[in-house]
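The lines below spell out each chain.
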Amino acid sequence: MTTPSHLIARPGAALRGIVSAPGDKSMSHRALILGAMATGATDVEGLLEGDDVLATARAVEAFGADVERLGQGRWRVTGRGGFRQPSGVIDCGNAGTGVRLLMGAAAGYPVTPTFDGDASLRKRPMKRVTAPLAQMGARLEWLGDEDRLPLRLAGGELAAIDYVQSVASAQVKSAILLAGLNAEGVTTVAEPEKSRDHTERMLRAFGAEVGVEPAGEGWRVSLRGGQRLTGTPISIPGDPSSAAFPLAAALIVPGSAVTVEGVMLNPLRTGLFETWREMGADLTISNRRTAGGEEVGDVTARHSALSGVVVPEARAASMIDEYPILAATAAFAGGETVMRGIGEMRVKESDRIALMVAGLRACGVQVEEEPEGFVVTGGGVRGGATVHTAHDHRIAMSHLVLGLAADEPVTVDEPDMIATSFPGFVELMRGLGADIAASV
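**What to know about the sheet that holds strand E18 (residues 282–291)**
- An order of E2-E17-E19-E18 is seen for the 4 strands of this open sheet, with the pairing classed as mixed. Lying at the two open borders of the sheet, with one neighbouring strand each, are strand E2 (16–20) and E18. Looking at each pair of strands side by side, their axes are set apart by 15° on average, direction ignored.
- In this structure, E18 lies alongside strand E19 (residues 294–302), joined through 8 bridges in antiparallel fashion. What sits directly across from Ser 286, in E19, is Asp 298.

Quick look at the structure:
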């Protein structure tokens, strides 16, 4: 089936129904990598089968693990207690999380892999991860532009470090901790604010001891080198970042009520839900339970009269991927929604601040761009534009949701990249009643 070059979202009837979110992308990457580092079999339920995660699956197989798909979302990774020298280049596609965590893991072993990715991933900076790995003793060689892929890494013989992050980043923290598993001494990472803690939780599930203690508004995470991981069953809950899109559509399309089942409710991932409630969203959570060591629940959103808010900057680490869809909902809220302290958005799959500002303005929304954020003034959304996505899945999905409630249809280009995080997005939205179709 040929992937359309454009998708168009048209305003229409209310959205209604009950759906399940795809498996959490962050946990899917980590389950594959830790399973490959471990000894024995790791059976994974609910793995996200998006392009980014599949790239990581191919990578850990190249590093010597046996990787087998058992069924929809069911995978088995059999590790041999460490990474082996791969025979070719580790191509991570568009997976920024995948490549950064893989570099951290590989740094602890006597291997010399070359990491690369697609054109988009080659534009993303890598030094915030490679700099601490170099401090630990990894040897790095940039094969093109400095701070950009492709990169050759020589691992092994690492020494632990005490690393203080100036900006909280789960990717940086996780890469350092994965390298620290095979470093001499105790590796620590201090964060100014708390970033997502999936790596710490999953390391414990694989048998590692990880220390966490408060440090101001953040925390200090420590891990002793030389620990061995043992394969273990992992159940992956629904991704709150993906659940955000159908829930957002329900909030802004009149008459809508949508439930997304099995959504992860880790407090370090639910900043968007908290912000929506502050805006006046009718958002409820039921059937709370535990899956894969994480609290999950069924989240219901109903059409709501939203008001603009000032999003606390300290909340950024818990919702950095959700600011695009927050901006789309803010376009329908009364007053200003202020989003600051989110400069990291400029070095994601794209410059998400610039692209959201451009897309919203094209649709008639008043937006003020700032170096580290932007301010959206809500009101009527004209729509009627074709939005350039720079091959960024979250930019595409956010503007498609916007188009479902705008006065006129909204078109996005390069929609094939949606499959990196949310395969089946269009079909799921259509099942709720959304009018999203291919366009030329």
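The discussion continues.
**Quick word on the pattern of salt bridges**
- A complete count under the given rule lists 33 salt bridges for this structure.
- One salt bridge in this structure joins Glu 278 and Arg 315, with 2.8 Å as the shortest N-O distance. Of this pair, Glu 278 sits in helix H8 (residues 271–278) while Arg 315 sits in the loop between strand E20 (310–311) and helix H9 (323–330), placing them 37 residues apart in sequence.
- Judged by relative accessible area, which is 40%, Glu 278 ranks as partly exposed.
- In this structure, Glu 370 engages Arg 340 in a salt bridge whose closest nitrogen and oxygen atoms are separated by 2.7 Å. Taken together, the residues span a long stretch of sequence, with Glu 370 in strand E22 (residues 366–370) and Arg 340 in the loop between strand E21 (336–339) and helix H10 (352–362) at a distance of 30 residues.
- In this structure Glu 370 comes out as buried when scored by relative accessible area, which is 16%.
- Several salt bridges share partner residues, and in doing so they unite Arg 124, Arg 128, Arg 196, Asp 321, Glu 344, Lys 348, Glu 349, Arg 352 and Asp 392 into one network.

**Focus: the pairing of strand E3 (residues 39–45)**
- Pairing between E3 and strand E5 (residues 74–80): 7 bridges, direction antiparallel. Considered in E5, the bridge of Thr 42 is made with Val 77.
- Where E3 lies against strand E16 (residues 234–235), 2 bridges are found, and the strand directions are parallel. Each residue of the ladder has a partner; that of Val 44, found in E16, is Ile 234.

**With respect to the packing of helix H5 (residues 170–180) against helix H6 (residues 198–205)**
- Orientation of H5 relative to H6, taken along the N-to-C sense of each, is 30°, at an axis distance of 9 Å. Taken together, the axes of H5 and H6 lie roughly parallel to each other. Residues Lys 173, Ser 174, Leu 177 and Leu 178 of H5 form the contact with H6, whose participating residues are Thr 199, Glu 200 and Leu 203.
- Residue classes in the contact of H5 with H6 are distributed as 3 nonpolar, 2 polar and 2 charged.

Scoring rules and cut-offs
- Residues numbered from 1 in each chain as written.
- Predicted model: local features only at pLDDT ≥ 70, side-chain atom pairs only at ≥ 80, totals over all residues.
- Heavy atoms only, no water.
- Pairing = 2+ DSSP bridges.
- Helix = DSSP H or I, 4+ residues; strand = E, 2+ residues; numbered from the N terminus.
- Axes fitted to C-alpha atoms, helices over the stretch in contact; angles between N-to-C directions.
- Salt bridge = Lys/Arg side-chain N within 4 Å of Asp/Glu carboxyl O.
- Buried < 20%, exposed > 50% of the residue type's maximum accessible area, 1.4 Å probe, protein only.
- Parallel < 35°, antiparallel > 145°, perpendicular 65-115°, else oblique.
- Contact = heavy atoms within 4.5 Å.
- Nonpolar A, V, L, I, M, F, W, Y, C, P; charged D, E, K, R; others polar.

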